[in-house]
Amino acid sequence: MNRLGPPSRTTAVRPAPGDAVRPDPPCVLIRGQLRRPLALTVAQLRERWPQRQAEVVFDCATNGPQHHTFEGPLLREVIDAAAPAFDVRRRKDRSRYVLAVTGRDGHHAALSWAELDADFGDAPVLLATALDGRALDAVGSQLVVPSDRCGARYISAVTGIWFGTCVPPGADGFRSGGPGPGAS
């Protein structure tokens, strides 16, 4: 099998007659308030981080319980590699950060960094590289939140993860101009 690489700037690489042209593998773009944004394929997620396993039962209202086994790196470890732009020594600072995950089909899910952080919730959220023993290289990574009973934050074919603060430093969170809580 002939695998084509990217064309060079000086010479275009053209497939030989009969060669199958394969599209680039799905990629997860990780960006936001990070020192090293990342673009990762499922193969890179599998090669660069330890693979964890999660036995999950999603209790679906329409289809009943769905039993699956997922494998993949912890989302926390992948985000750590992108170097979040917070001071790791300041817990309150870390608790202001959120993640917004997007799938190819337009589904979105939100997580707080505190859910994932080992000093807070320590949730074993995965970016799955395999589902029930089948590699996900062709379809893309999947977000798996094992603690979610109904699987509502399960996102297939993850295309992007945005990481950043939900409230700017110093903001009081009240933008309406009215008095805050406890005001008389």
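Every chain is numbered independently, its residues counted from 1 as its sequence is written. This being a predicted model, a pLDDT of at least 70 is required before a residue's local features are given, and a value of 80 or more before pairs of side-chain atoms are given or counted; all residues contribute to the totals for chains, interfaces and linings. Hydrogens are left out, water is left out, and the side-chain values use all remaining heavy atoms of the structure.

### Describing the overall build of the protein
Helical segments are the DSSP runs of H or I of at least four residues, strand segments are the runs of E of at least two, and each set is numbered from the N terminus. Looking only at helices and strands, the protein features four helices and 11 strands. Residue burial is assigned from relative accessible area. The probe radius is 1.4 Å, only protein chains are included, and a residue is buried under 20% of its type maximum, exposed over 50%, and partly exposed in between. The proportion of buried residues among the 184 residues of the protein is 36%. For the protein, contacts bridging at least 24 residues in sequence account for 59% of all contacts bridging at least 6. For accessible areas, the Shrake-Rupley method is used with a probe of radius 1.4 Å. Any residue's cover is judged against the shown protein chains and nothing else. Here the protein displays about 11,200 Å² of accessible surface, and carbon together with sulfur accounts for 53% of that area. By definition, residues are in contact when any of their heavy atoms lie within 4.5 Å.

### Concerning the packing of aromatic side chains
For Phe, Tyr and Trp, rings pair up if their centres lie within 6.5 Å, where Trp contributes its six-membered ring, and each pair is then called stacked (planes under 30 degrees apart), edge-to-face (over 60) or tilted (otherwise). Summed over the entire model, instances satisfying the criterion amount to eight aromatic pairs. Between Phe 70 and Tyr 154 the ring centres are 5.9 Å apart and the planes differ by 50°, which places this aromatic pair in the tilted class. With a gap of 84 residues between them, Phe 70 in strand E4 (residues 64–72) and Tyr 154 in the loop between strand E10 (142–144) and strand E11 (158–165) connect regions that are remote in the sequence. Given a relative accessible area of 1%, Phe 70 falls into the buried group. Since its relative accessible area comes to 27%, Tyr 154 is described here as partly exposed. Between the aromatic rings of Phe 86 and Tyr 97, the centroid separation amounts to 5.1 Å while the plane-to-plane angle is 70°, which identifies the pairing as edge-to-face. Here Tyr 97 lies in strand E5 (residues 97–103) and Phe 86 lies in the loop between helix H2 (75–81) and helix H3 (91–94), a separation of 11 residues in the sequence. The residues Phe 86 and Tyr 97 share a single accessibility class, namely buried.

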